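Here is how the chains run, residue by residue.
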Amino acid sequence: MSPSYQLLSVQLAAARRVSMGGRQVLTAMGKQAVAGPVPVLPLGLLGDEQADLSVHGGFEKAVYAYPAEHYPFWQAARREQGLDQIDDSLPFGSLGENLTLQGLPENDVWAGDVLRFPHCELQVRIPREPCYKFNAAMGFARASRLMAQSGFCGFYLSVLTPGVLSAGDRFELLPGRRSVSIPQLFAAKMGKHLR
């Protein structure tokens, strides 16, 4: 029996200025879930923005996907920091992802694999690298280090076939050449976060 993959939620955000570490920073981390079909264009989802195009966006990083299975890990990490006293919720999109996926952890994904949805196709490219904005979004300074240690990074997708996506869509995983996995790519980049 083949695995069952589902798109649980679709999130968008406009870039906005927020206070981080005493300075104003442009970010689009706070993605919010949207209902109904969302157009998928060559550079990403219609209505979504990226604040720093040197590290997000473009054809290779048009859409960011994250496994829903990792949310309990981040909720527990926030509890350990005492943040559940302030804000107990961690809705989908809190990690900055456009797509929250069920059934597809990083260990099962290789660069070049294709996610075939009913009305579009997206291709796996590279893992997401954590940054100081991720720390701010999670509410504690070690969040980037935890992402580096856990490998719970999610992955960027390029748009092979534009179309539309909707929460609830099921999809297929079409294997690519399978020469390098997302965990291998992530491990190669994470040395700086683990020092």
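What this report covers is the structure whose coordinates are included nearby.

### With respect to the overall build of the chain
And then number 1: A count of helical and extended segments in the chain gives 4 helices and 13 strands.
And then number 2: Computed over its C-alpha atoms, the radius of gyration of the chain comes to 16 Å, within 12% of the 16 Å expected for a compact globule of 195 residues.
And then number 3: In terms of overall dimensions, the chain has C-alpha extents of about 45 × 30 × 30 Å along its principal axes.
And then number 4: Taking all 195 residues of the chain together, the buried fraction comes to 46%.
And then number 5: By sequence separation, contacts in the chain at least 24 residues apart represent 77% of the contacts at least 6 residues apart.
And then number 6: Carbon and sulfur atoms form 54% of the exposed surface of the chain, whose accessible area is close to 9,400 Å².
And then number 7: The chain carries 19 positive and 17 negative side-chain charges, and their two centres are separated by 8 Å.

### Overview of the nonpolar core
And then number 1: Among the nonpolar cores identified, the biggest contains 46 residues, and Trp-74, Leu-99 and Phe-155 are the most heavily contacted of them.
And then number 2: Apart from residues lying up to four places away in sequence, Leu-99 is in contact with Leu-7, Ser-9, Val-10, Gln-11, Leu-45, Val-63, Tyr-64, Ala-65, Tyr-66, Leu-122, Leu-157 and Leu-165.

### Concerning the side chain of Asp-169
And then number 1: Mapped onto the elements of the fold, Asp-169 is located in the loop between β12 (163-165) and β13 (170-174).
And then number 2: Buried charge Asp-169 goes without a salt bridge, the closest partner of opposite sign being Arg-170 at 9.2 Å.
And then number 3: Side-chain polar atoms of Asp-169 contact the backbone nitrogen of Ser-166, separated by 2.9 Å.
And then number 4: In contact with Asp-169, not counting residues within four places along its chain, are Gln-6, Leu-7, Phe-117, Pro-118 and Val-164.

### A short note on the packing of aromatic side chains
And then number 1: On inspection of all chains with the given rule, the structure shows 9 aromatic pairs.
And then number 2: A centroid spacing of 6.2 Å and a plane angle of 85 degrees characterise the contact between Tyr-66 and Tyr-71, whose relative ring orientation is edge-to-face.
And then number 3: On the basis of relative accessible area, Tyr-66 is assigned to the buried category, the value being 0%.
And then number 4: Residue Tyr-71 is classed as buried on the basis of its relative accessible area, which comes to 3%.
And then number 5: Through pairs of rings, three or more aromatic residues link up here, namely Tyr-64, Tyr-66, Tyr-71, Phe-92 and Tyr-156.
And then number 6: Geometry around Tyr-156 places Lys-61 over its ring, the cationic atom sitting 5.9 Å from the centre.

### Observations regarding helix α3 (residues 143-150)
And then number 1: Among the residues of α3, Ala-143, Ser-144, Leu-146, Met-147 and Ala-148 are the ones counted as buried.
And then number 2: Of the surrounding elements, those touching the buried residues of α3 are β7 (63-67), α1 (71-80), α2 (132-138) and α4 (182-189).
And then number 3: Among the residues trailing α3, Gly-151 stands out with phi positive, at a value near 80 degrees.

### Notes on the pattern of salt bridges
And then number 1: Counted under the stated rule, the structure contains 6 salt bridges.
And then number 2: Where Arg-116 meets Glu-121, a salt bridge forms, and the shortest distance between an N and an O atom there is 2.8 Å.
And then number 3: According to the relative accessible area criterion, Arg-116 is partly exposed, its value standing at 36%.
And then number 4: Linking Arg-116 and Glu-172 is a salt bridge whose minimum nitrogen-to-oxygen distance equals 4.0 Å.

### Let's talk about unusual backbone geometry
Leave glycine aside and you will find that most residues have negative phi; peptide bonds, for their part, are mostly trans.
And then number 1: Even without being a glycine, Arg-178 presents a positive backbone phi close to 60 degrees.
And then number 2: Checked against the element boundaries, Arg-178 lands in the loop between β13 and α4.

### A word on the pairing of strand β8 (residues 99-102)
And then number 1: Note that strand β1 (residues 5-12) and β8 share 4 bridges and pair antiparallel. Bridge pairing links Val-10 to Leu-99 in β8.
And then number 2: Sheet topology note: the β7/β8 ladder contains 3 bridges and is parallel. Looking across to β8, one finds that Ala-65 is bridged to Leu-99.

Parameters at a glance
- Residues numbered from 1 in each chain as written.
- Predicted model: local features only at pLDDT ≥ 70, side-chain atom pairs only at ≥ 80, totals over all residues.
- Heavy atoms only, no water.
- Helix = DSSP H or I, 4+ residues; strand = E, 2+ residues; numbered from the N terminus.
- Rg over C-alpha atoms; globule rule 2.2 N^0.38 Å.
- Buried < 20%, exposed > 50% of the residue type's maximum accessible area, 1.4 Å probe, protein only.
- Contact = heavy atoms within 4.5 Å.
- Areas by Shrake-Rupley, 256 points an atom, 1.4 Å probe, with all protein chains shown as cover.
- Lys, Arg positive; Asp, Glu negative; His and termini not counted.
- Charge placed at Lys NZ, Arg CZ, Asp CG, Glu CD.
- Core = buried A, V, L, I, M, F, W, Y, C linked by side-chain atoms within 4.5 Å.
- Salt bridge = Lys/Arg side-chain N within 4 Å of Asp/Glu carboxyl O.
- Polar contact = N/O pair within 3.5 Å; in protein donor to acceptor, adjacent residues only side chain to side chain.
- Phe/Tyr/Trp six-rings, centres within 6.5 Å; stacked < 30°, edge-to-face > 60°.
- Lys NZ or Arg CZ within 6 Å of the ring centre and 35° of its normal.
- Pairing = 2+ DSSP bridges.

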